[in-house]
Each structure stands twice: as structure tokens, then as C-alpha cells.
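# What the coordinates show
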Amino acid sequence: MTVDLTAAVGFMAGHARTLDRHRLNLILGQGDRAAACAAVDGYRNPDGGYGWGLEPDLRSATSQPGGALHAFEAFADIGTPTPRAVELCDWLQTNSLAGGGLPFAFPIADPAGCAPFWVSADPSAPSLQITSIVCAAAARVAEFDEAVAEHPWFASAVRYCLDAIDGADSLHALELAFALQFLDAVHRNSPEASSLVSTLGSRIPADGLVHVDGGAEGEFMRPLDFSPLPGGPTRALFDASVIESELSALAARQHGDGGWAVDFDSYSPVAALEWRGHATVQAVWLLKRNGVICKRFSRQIGTRYSLGTSSSFVFQG
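Quick look at the structure, then.

Conventions we followed
Residues numbered from 1 in each chain as written. Predicted model: local features only at pLDDT ≥ 70, side-chain atom pairs only at ≥ 80, totals over all residues. Heavy atoms only, no water. Axes fitted to C-alpha atoms, helices over the stretch in contact; angles between N-to-C directions. Helix = DSSP H or I, 4+ residues; strand = E, 2+ residues; numbered from the N terminus. Parallel < 35°, antiparallel > 145°, perpendicular 65-115°, else oblique. Left-handed = near helix turned anticlockwise from the far one by under 90°. Contact = heavy atoms within 4.5 Å. Nonpolar A, V, L, I, M, F, W, Y, C, P; charged D, E, K, R; others polar. 1 Å grid on protein atoms, 1.4 Å probe; cavity = no way out; pocket = protein on both sides within 12 Å on 5 of 7 lines; lining within 4 Å. Points joined across faces, edges and corners; volume = space filled by probe spheres on them. Core = buried A, V, L, I, M, F, W, Y, C linked by side-chain atoms within 4.5 Å. Buried < 20%, exposed > 50% of the residue type's maximum accessible area, 1.4 Å probe, protein only.

## Some points on the packing of helix α7 (residues 128–142) against helix α10 (residues 173–186)
- The interhelical angle for the contact between α7 and α10, taken along N-to-C directions, is 30 degrees, at an axis separation of 8 Å. Judged by the angle between their axes, α7 and α10 are roughly parallel. When the axes of α7 and α10 are compared, the crossing they make is left-handed. Counted together, Leu128, Gln129, Ser132, Ile133, Cys135, Ala136 and Ala139 of α7 and Leu174, Glu175, Phe178, Ala179, Gln181, Phe182, Ala185 and Val186 of α10 form the full contact between these two elements.
- A class-by-class count of the residues in the contact of α7 with α10 yields 11 nonpolar, 3 polar and 1 charged.

## Considering the layout of surface pockets
- The space that makes up the second largest pocket amounts to roughly 230 Å³.
- Considering the residues around the second largest pocket, the lining is formed by Ala139, Ala142, Glu143, Ala149, Phe154, Ala155, Val158, Ala185, Val186, Arg188, Asn189 and Ser190.
- Those elements that provide at least two residues to the lining of the second largest pocket are α7, α9 (152–166) and α10.
- With 3 residues, the top contributor of residues to the lining of the second largest pocket is α9.
- Among the residues forming the lining of the second largest pocket, the class breakdown is 8 nonpolar, 2 polar and 2 charged.

## So, the nonpolar core
- The biggest cluster of nonpolar side chains holds 99 residues, and the ones touching the most others in it are Phe72, Phe75, Trp153, Phe182 and Leu183.
- The element that contributes the greatest number of residues to this core is α7, accounting for 11 residues.
- The residues touching Trp153, leaving out its near neighbours within four places in the chain, are Phe72, Cys89, Leu92, Gln93, Ser96, Val134, Cys135 and Ala138.

As C-alpha cells, this is what we get:
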């Protein structure tokens, strides 16, 4: 079993958005932060929000919470404070609902190429699903950007998510995964997070597979969707062997063309391709953050590395 980083970079060159190519290079230690910032700017609106298909299944030009999620992902990969992150927090503060929650989507007047669940969203109802995953991404930025960490939007959104999770009787698979990612991201500054993780964890089977109701037939939330990173309270929900197996399975899902794919439906031809670029970035990021791709190897693009058999998953060149 191998992960071919050269093939992954080649796949991105032939198939992915410029932004995702920059993100992958940054993850591999070779990127240009200024160029990545410029690439994110291509999706920015004058109001400080993001649209224009930054969320691949949301092609609308309008600023949307889904666009904010992917902008924060990029800012986290860039890894240094940028005024754009604070401006995005300003936009989120202006457009949050009473109580700190975000609607799943705002009204969409240009729905061509948009998934129906975005178009039909109620802009007056707060969504734990979107608010929690936007907060989780923002928390990655807040680790190195004090202005984001101390922004009033972030504080109010975190409080909304904690209260909504505590009061939730049932959660859709995506809500469950995003809520757990959020709790992992904020647990150091939110004492109640660990107990909420334990409560939500009781809803996940031992194998960590939860089917996405209403999604594609083979669409599941998996252990790495619930606990993508080591070191947080969500890792205690799974046996080490489960995480190890999932990391091996993720590495094995690299296609012959070098890229990864998603298991959910896309709603336009361009989205189907863009999701593969995003999935490839996500796969390499997860493998690196979990110690499968070592930093010293990620700089040596041009070599094919085999997975070791130990639980540390160190590449052997």
C-alpha cells in the first residue's frame, strides 16, 4: 500500500482549482502564501463574504456561510494572520441570526448549478450543521490569529453551538460529525466540550460508520469525519485499531490518476471535478496531520512512499 505524492500533485495540476493547488503545496511545505491569499480573493465579495462557487455545489455569486467555511480552510492552510480572516468574521457577525447561529444558506437569486438543499434553505432558521463546521474551521485559524480568536462573532457562534449541541435530541449524520469536529476544535477553551463529546459519542457505533440519510447510497460519515485529528477528546471514542484501519483505507483510496474522490453526489459537472481536488487536499492533510506522511518526506516530491506496518504509519522511502 502506497501514497504517491508526485501523482497527487500531478492530478491537481491537471484537474484542480488554482486555490486547491496552492493549498496542497502549502500542506506539503512548498507553497506561496501570498499567491494562496490572492486565489481566495477570487471568490470574495465586497461585503467581506465569499461565494462564486468556493463551495463547489453552491455556484451562486452571493456571500454564503458555505463560502465562509472554505475560506477559513484556506486561511488555516496559509497559516499566518491575514486581514481577510478578520473581515470574514465581521461579515459573519453582521449576518448571524439572534443567538449567534448562522442559517444554512441565505437567499439565492442565481441558483444555476446549486444543489437543491442550498437553494431551499430557510434563511431565518439557525443551523447547527453549518455554524459548527464554520466555527471548527475558524478555530484552526484562531490558533495563530489572535484577532480571530478574540472576535465577538467567534465567541457568540461558539456559545450558540455549545448550547445547541447540549439541547439536541437527535442529530443527522453530518450534524453529528460537524458537531464533534467543532468540540475537538474548541475543547481547550470550553470546559463542557469533553462531556458533550462523550454524550454524542454514544450515538456512534463501534465501527464509526453512520449512513448519511438522504445522501448517496454509499455515503457514510466515518471515524475520521468524527475525529479527523489526534490529540482531542474525540479520539477516545474509537479504538486505536479503528483509526489505524481508517487511515490505511484513506491512503488506499488514492485513484490511479493520483487524486481522491468523494462519496457524495455533485450537482454540476464542474462541482464533480472541483470536489475531487478538494478531497485530494483533504486526504493529504489528514494523512500528514495523523503522522502518515512525515514532514521530512512531504518535501521530497518525486518519490513514491510505502506505508509502514506500525501504528505510527511512518513512510519508508
